[in-house]
Amino acid sequence: MIRSLIASTICLLVFALFETAILSNMLVLPAVPDFLLLIVVYMAVQNGRLFGASAGFISGLLLDFFVGCPFGLNCLLRTIIGYGAGLFHRTLNLNGILLPALQGAVATLLKILLLWLITIFFPVGTKTALLFSSSRLFELACNTVLTPVLFAFMSLFNTYILIDTEKVA
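Right, let's walk through the structure included here. For clarity, every value in this text was computed on a predicted model and none was experimentally measured.

How each quantity is defined
Residues numbered from 1 in each chain as written. Predicted model: local features only at pLDDT ≥ 70, side-chain atom pairs only at ≥ 80, totals over all residues. Heavy atoms only, no water. Salt bridge = Lys/Arg side-chain N within 4 Å of Asp/Glu carboxyl O. Helix = DSSP H or I, 4+ residues; strand = E, 2+ residues; numbered from the N terminus. Buried < 20%, exposed > 50% of the residue type's maximum accessible area, 1.4 Å probe, protein only. Disulfide = S-S within 2.5 Å. Phe/Tyr/Trp six-rings, centres within 6.5 Å; stacked < 30°, edge-to-face > 60°. Core = buried A, V, L, I, M, F, W, Y, C linked by side-chain atoms within 4.5 Å. Contact = heavy atoms within 4.5 Å. Polar contact = N/O pair within 3.5 Å; in protein donor to acceptor, adjacent residues only side chain to side chain.

It is worth spelling out the pattern of salt bridges at this point. Any two side chains of opposite charge can pair, given that their charged atoms come close. Following the criterion strictly, the structure yields four salt bridges and no others. In this structure, the salt-bridge partner of Asp34 is Arg78, at a minimum N-O distance of 2.8 Å. Note that Asp34 is positioned in the loop between α1 (2-22) and α2 (35-47) and Arg78 in helix α4 (residues 73-86), a separation of 44 residues in sequence. No difference in accessibility class separates Asp34 from Arg78, as the two residues are buried.

The subject of this paragraph is the state of the cysteines. Enumeration over the complete set of coordinates arrives at zero disulfides. The structure places no disulfide on Cys142, whose sulfur is separated from the nearest cysteine sulfur, that of Cys11, by 19 Å.

Under the definition given, this model contains six aromatic pairs. Taking the centre distance of 6.4 Å and the plane angle of 70° together, the rings of Phe15 and Phe153 count as edge-to-face. A residue pair is termed long-range when its members are at least 10 positions apart, and Phe15 in helix α1 and Phe153 in helix α6 (residues 134-154) qualify at 138 residues. Residue classification places Phe153 among the partly exposed positions, given a relative accessible area of 37%. Ring pairing ties together the aromatic residues Phe15, Phe18, Phe35, Phe153 and Phe157, which thus form one cluster.

Core analysis: the biggest nonpolar cluster contains 35 residues, and Leu12, Phe15, Ile39, Val41, Met43, Leu150 and Met154 have the highest contact counts within it. Among the secondary structure elements, those contributing two or more residues to this core are α1, α2, α3 (49-66), α4, α5 (98-121) and α6. The element best represented in this core is α2, accounting for eleven residues. For Phe15, the residues in contact, after removing those within four places along its chain, are Phe35, Leu36, Ile39, Leu150, Phe153 and Met154.

The next thing to look at is the side chain of Thr20. By the element assignment, Thr20 lies in helix α1. Overall, the relative accessible area of 17% leaves Thr20 in the buried class. For Thr20, the side chain forms a polar contact with the main-chain oxygen of Ala16, separated by 2.7 Å. With sequence-adjacent residues up to four places away left out, Thr20 is seen in contact with Asn25, Leu63, Phe66 and Val67.

All right, on to the environment of Ile81 then. Along the chain, Ile81 falls in helix α4. Separated by 29 residues in the primary sequence, Ile81 and Leu110 place their C-alpha atoms 7.4 Å from one another. When neighbours within four sequence positions are excluded, Ile81 is seen to be in contact with Leu37, Val41, Ala107, Leu110, Lys111 and Leu114.

This is the structure we're talking about:
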């Protein structure tokens, strides 16, 4: 399990750097696709609730360090989403196109809804988030389209990321 957590952390770090350093500086994009969120969903569905919550927390922590937002905001969002995706541990097929796209859309919608709720309850220190702005809809569309591609890419690293259930049990 430790090997899987270390490999997942390295993977999350690489994608966090890619997302914050390269994609966020592209002026053509109205919003940045959230690769970290999709990777957390992939890891959670493959490894379960605990691993999903841990991967969500680590990805949120990395984003909080790299992006200028209130510390802990991304940790909270991604831990909840990782735990929720982990409830579907090994029950969902991640190899197709339609189901992974649906998982990416649901995770993005949940992130948008949770962010909106947080800004309602804690308006000081966070920017007011609109539920459905053009940038949110662009992010939703990008995440939905890119999820099957990212899941197929992540499946190449299953030997490093997946927890070996025979050794754990």
